[in-house]
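So the chains spell out like this:
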Amino acid sequence: MSDKSDLEKFRHETRAWLEANCPAEMREPVRDEEDVYWGGRNATFKNDAQRQWFEVCLEKGYTVPAWPKDYGGAGLSAPQAKILREEMSRIDARPPLSSFGIWMLGPALLHFGTEPQKKRFLGEIARGEIRWCQGYSEPGSGSDLVSLQTFGEDKGDHWIVNGQKVWTSYADQCDWIFCLVRTDKTNKYQGITFMLFDMASEGVSTKPIKLISGNSPFCETFMEDVKVPKSYGADSSGDIPAYVGEINRGWDVAKYLLGHEREMISGAGGGDRTSAIGAAMKRHAAKTGDEIDPILRAELAMFDVDALAYGAMGEKFLDEIKVGKAHPAQPNMMKYVGTELNKRRHELMMAAGGSRSLEWESEDTGGGKPARGWLRTKANSIEGGTSEVMLNVVAKRILELPGS
Amino acid sequence: MALYHDDDQAMLADTATQFMAEQGSIGKQLRHWRDKDCPDGFGHDLWKQMAEMGFTGMIVDEADGGLGMGNVEAGIVLEEIGRNLTPSPFLTSSVLAASALKHGSNDLKGRYLPGLVSGDSVFAVAIDETAKHRPDRITTRAEKSGNGFKLSGSKSFVIHGASADMIVVAARTSGADDDEEGITLFAVPKDASNMSHDAVRLVDSSVATHTKFDGVELDGDAVIGEVDGGREILDAMLRAGRVGAAAEGVGVARGAMDMTVDYLKQRKQFGKLIGEFQALQHRASHLYSEVEIAKAVTIKAQQLLDGNSDRAELMSSVAKAKVSKAAGLAVKEGVQMHGGIGMTDEYDIGFYMKRDRALQEFLGDAYFHAGRVAQMSGY
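In every chain, residue numbers begin from 1 and rise along the written sequence. Each chain gets a letter, beginning with A, and each ligand a number, beginning with 1, in the order they are written. Since the coordinates come from a predicted model, pLDDT governs what is reported: local features require at least 70, and pairs of side-chain atoms require 80 or more to be given and counted, while whole-chain, interface and lining totals use all residues.

### Concerning the overall build of chain B
Reasoning step 1: Think of it this way: any DSSP run of H or I at least four residues long counts as a helix, any run of E at least two long counts as a strand, and we number them from the N terminus. Helix and strand content of chain B: 11 helices and 10 strands.
Reasoning step 2: Over its C-alpha atoms chain B spans a radius of gyration of 21 Å, differing by no more than 12% from the 21 Å that the globule rule assigns to 379 residues.
Reasoning step 3: Here the C-alpha coordinates of chain B stretch approximately 80 × 50 × 40 Å along the principal axes.
Reasoning step 4: Taking all 379 residues of chain B together, 57% fall into the buried category. The globule rule is 2.2 Å times the number of residues to the power 0.38, and the radius of gyration it is compared with is taken over C-alpha atoms. Here a residue counts as buried when 20 or more other C-beta atoms sit within 10 Å of its C-beta, as exposed when there are 12 or fewer, and as partly exposed otherwise, the C-beta atoms being derived from the backbone.

Structure (structure tokens):
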């Protein structure tokens, strides 16, 4: 009972705090890349509101609310973190800081990191000082990631890394990379190390990849004789290794992280905002004296059923994962459904927009946002594990079907 | 509130799972009564046993002799009913009629609830008038007559209508057929004069009636709630019934899916277990995803309903629509993946397909509810 009233109290306080501290400009859905604050050495704020929102959250530990206070978080319990999320979403508050450090490296370090490693890297992430990118896929290793070839030659106190990564998100704007590197060519699964190094290191170069959307959120990353020390020094409590977990056991970390990535991507499909397409169409149609095509309306309705139901699934999944009730392979299912839904949503938005949504450069469409956004979603069911791989994992690990 | 069962609910689920698997199995109930051509379509002994378990009156208030539980708990029992395809008057009596009677006078409660709690009574609800669920249009009329009413019109798809000791009938006491207001709910007793049932066996072996009211004379105290004030009660009853039907549908879906996945692990063709074929694995995984989501949205809707949330209306329609689609997929994939044996009467998977079809239609199918979702979402 006291737990319940404590949480109610927390909700009231949170609501009041958000009311007092979240600027009005930060209470609108993210419209484009500039609306997202990624942090990092070269970060700039789009406007004062974005800076102010980041700064008050930083002070409160709300850039990473569920992380322990020692590492820059607010140390919120799972139910408290859920309340904060709910209260932020209630007023459409934007995340104060977004980064692959928060979503992916952070959870890996929290799970596998040494104490001084956590203090240094998690702190930098929480304060938005270092922007991380992820070096996983290679030209020949997509779905079959474990076949990766980028090699780190052991030179005693350091490695010399050579190879190429692909689909590194925003590599050209990032400060550091967490990177899967083969350190033992004789052992496929237990021959990979999860390395951390500075993108400014000599021998690292990036090249943006132009996508069908015309945008370049991804890069190729080349590593040519890059020297990666095995340690970044030590503090009083111990060593700061340049790798997460153990040498040659990076695949364990990667698998753990892929779970997080799938959760993150799977969040894209649901939510209550989905029903906005139909309502907006109807408002627009009313202005022009048009009516929504009844077959399109029907498809929108079936989509909203699926999206709202998936929203409940997301909530249930988060609730269950906190108490260890969720099947460990469940993120694969969430990722599969969430990304397929998001693609469907954009198909419907294109249909709802008609010829207007085909415009590629016009001012009215913000430089072709509908079309470019639609094309971008086609990667959702490829990146972070294809839908087909997700279905394989569900078949094997959840349904326990034979020979899969 | 977390979207999973709390400790008490988990305990109830264990009990219900075990009880329904033992007593409500296809062999003991559905197939048994179907083969006997039972005119009720369900077994009264099991209904009594369910009363002894406390199930029949579980959502009845404690003051009225029930357990005072909610839609989450009723859903737990319904999911097991669905999984075992147990023919049972639980949904119509213990969820729909019981929800309506919550709004009734003490006199009405005293007349009907003890029989429900003890398992001696069975109730039905008469809402639909055409072959599609359309509760916005009610043409059955109840005219004032002396101190009471005279009921005229006809209802269809009255599940257990001929077996019921009392039927909750939605009738019009004022206004035009499509009016929102002017509805009154009546508790019509079995022995009412001028009421006739045309019983029809349905595809799932359940028995429904086309029921005619040819000037049925009712006392004023047969009114549930207020005269002309029935729409709200009807809506509340429909919400509970739809979420209940969704829970039962989740059970049907899971039962069919489990049976099918088991079959994929046993059946060999081309020298392999057919579950090794990726063509089937991907379809099974997709089905699993859909059923999990159906389960999630159903417990969400149950909790919203129990919490009197203003989103309960929307989410109960989302749940009914989503479960209809997911369970429909489960039974279709079930029969297809079983191959020839799935088409035989001897094998149980076909029963799932039949039950699902009837359940999809009951209280509005996926199209009906998706349409409502669109409407409530402003388009």
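Once the structure has been displayed, the description carries forward.
### A closer look at the domain arrangement of chain B
All names here are of chain B.
Reasoning step 1: Reported domain spans reflect what an automatic or database domain assignment gives. Along its sequence, chain B is organised into domain 1 (7-121), domain 2 (125-228) and domain 3 (232-376).
Reasoning step 2: Distance between the C-alpha centres of domain 1 and domain 3: 21 Å.
Reasoning step 3: Two residues form a contact once the distance between their C-beta atoms, set from the backbone, is within 7 Å. Counting residues at the interface gives 20 residues for domain 1 and 26 residues for domain 3.
Reasoning step 4: Looking at the side of domain 1 that touches domain 3, the elements with two or more residues in it are helix H4 (71-84) and helix H5 (90-101).
Reasoning step 5: Ranked by residues supplied to the side of domain 1 that touches domain 3, first place goes to H4 with 10 residues.

### Regarding the interface of chain B and chain A
Reasoning step 1: Contacts between the two partners involve 33 residues from chain B and, on the opposite side, 37 residues from chain A.
Reasoning step 2: The set of elements that each furnish at least two residues to the side of chain B that touches chain A consists of helix H7 (230-264), helix H8 (278-306), helix H9 (312-338) and helix H11 (366-376) of chain B.
Reasoning step 3: Looking at the side of chain B that touches chain A element by element, the count peaks at 14 residues for H8 of chain B.
Reasoning step 4: All residues other than Ala, Val, Leu, Ile, Met, Phe, Trp, Tyr, Cys, Pro, Asp, Glu, Lys and Arg, Gly among them, are scored as polar; the first ten of these are nonpolar and the last four charged. A per-class count over the side of chain B that touches chain A returns 19 nonpolar, 9 polar and 5 charged.

### Observations concerning the packing of helix H9 (residues 330-353) of chain A against H8 of chain B
Reasoning step 1: Only the stretch in contact is used when fitting a helix axis, every axis being a line fitted to C-alpha atoms; angles between N-to-C directions are given from 0 to 180 degrees. Between H9 of chain A and H8 of chain B, the shortest axis-to-axis distance is 10 Å and the interhelical angle comes to 90°. By the angle between their axes, H9 of chain A is roughly perpendicular relative to H8 of chain B. Two secondary-structure elements touch here, H9 of chain A through Met333, Tyr336 and Val337 of chain A and H8 of chain B through Tyr288, Ser289, Glu292 and Ile293 of chain B.
Reasoning step 2: Within the contact of H9 of chain A with H8 of chain B, the residues separate by chemical class into 5 nonpolar, 1 polar and 1 charged. Under this scheme an angle from 65 to 115 degrees is roughly perpendicular, one under 35 degrees roughly parallel, and one over 145 degrees roughly antiparallel; angles in between are oblique.

### Some points on the environment of Ser25 of chain B
Reasoning step 1: Checked against the element boundaries, Ser25 of chain B lands in the loop between helix H1 (7-23) and helix H2 (30-36).
Reasoning step 2: Linking Ser25 of chain B and Ser174 of chain B, residues 149 residues apart in sequence, is a C-alpha distance of 46 Å.

### Here's the deal with the environment of Ala301 of chain A
Reasoning step 1: Relative to the helices and strands, Ala301 of chain A is located in helix H8 (residues 294-322).
Reasoning step 2: Between the alpha carbons of Ala301 of chain A and Ile277 of chain A there is a distance of 10.0 Å; along the sequence they are 24 residues apart.
Reasoning step 3: Leaving out residues up to four positions away in the same chain, Ala301 of chain A has contacts with Ala370, Gly371, Val373 and Ala374 of chain B.

### Regarding the domain arrangement of chain A
Reasoning step 1: Structurally, chain A comprises domain 1 (2-98), domain 2 (132-253) and domain 3 (267-398).
Reasoning step 2: For domain 1 of chain A versus domain 3 of chain A, the distance between C-alpha centres works out to 25 Å.

### Topic: the nonpolar core
Reasoning step 1: What makes a nonpolar core is a set of buried Ala, Val, Leu, Ile, Met, Phe, Trp, Tyr and Cys residues, with links drawn between C-beta atoms within 7 Å. Grouped together as the largest cluster of nonpolar side chains are 154 residues, with contacts concentrated most on Val168 and Phe186 of chain B.
Reasoning step 2: Ranked by residues supplied to this core, first place goes to H7 of chain B with 17 residues.
Reasoning step 3: The residues touching Phe186 of chain B, leaving out its near neighbours within four places in the chain, are Ala142, Leu151, Val169, Ala171, Leu218, Ala222, Val223 and Ile224 of chain B.
Reasoning step 4: Counting residues in hydrophobic clusters, the runner-up holds 64 residues, among them Leu105, Trp176, Met195 and Cys219 of chain A.

### Here we look at the pairing of strand S1 (residues 123-126) of chain B
Residues and elements named next belong to chain B.
Reasoning step 1: Burial along S1 is two-sided: the face carrying Phe123 and Val125 and the face carrying Ala124 and Ala126 are both buried.
Reasoning step 2: Strands qualify as paired when DSSP identifies two bridges or more between them. Bridge analysis of S1 against strand S4 (residues 166-172) gives 4 bridges, and the strand direction is parallel. Note on S4: the bridge partner recorded for Ala126 is Val169.

### Regarding helix H11 (residues 387-398) of chain A
Reasoning step 1: Here the expected length of a helix is defined as 1.5 Å per residue gap, with one fewer gap than residues. The terminal C-alpha atoms of H11 of chain A lie 16 Å apart, and with 12 residues this matches the ideal 16 Å at 1.5 Å per residue to within 8%.
Reasoning step 2: Buried residues of H11 of chain A: Ser387, Met390, Leu391, Asn392, Val393, Val394, Ala395 and Ile398 of chain A, and no others.
Reasoning step 3: Close packing links the buried residues of H11 of chain A with H9 of chain A together with H8 of chain B.
Reasoning step 4: Glu400 of chain A occupies a position one or two residues after H11 of chain A and carries a positive phi of about 55°.

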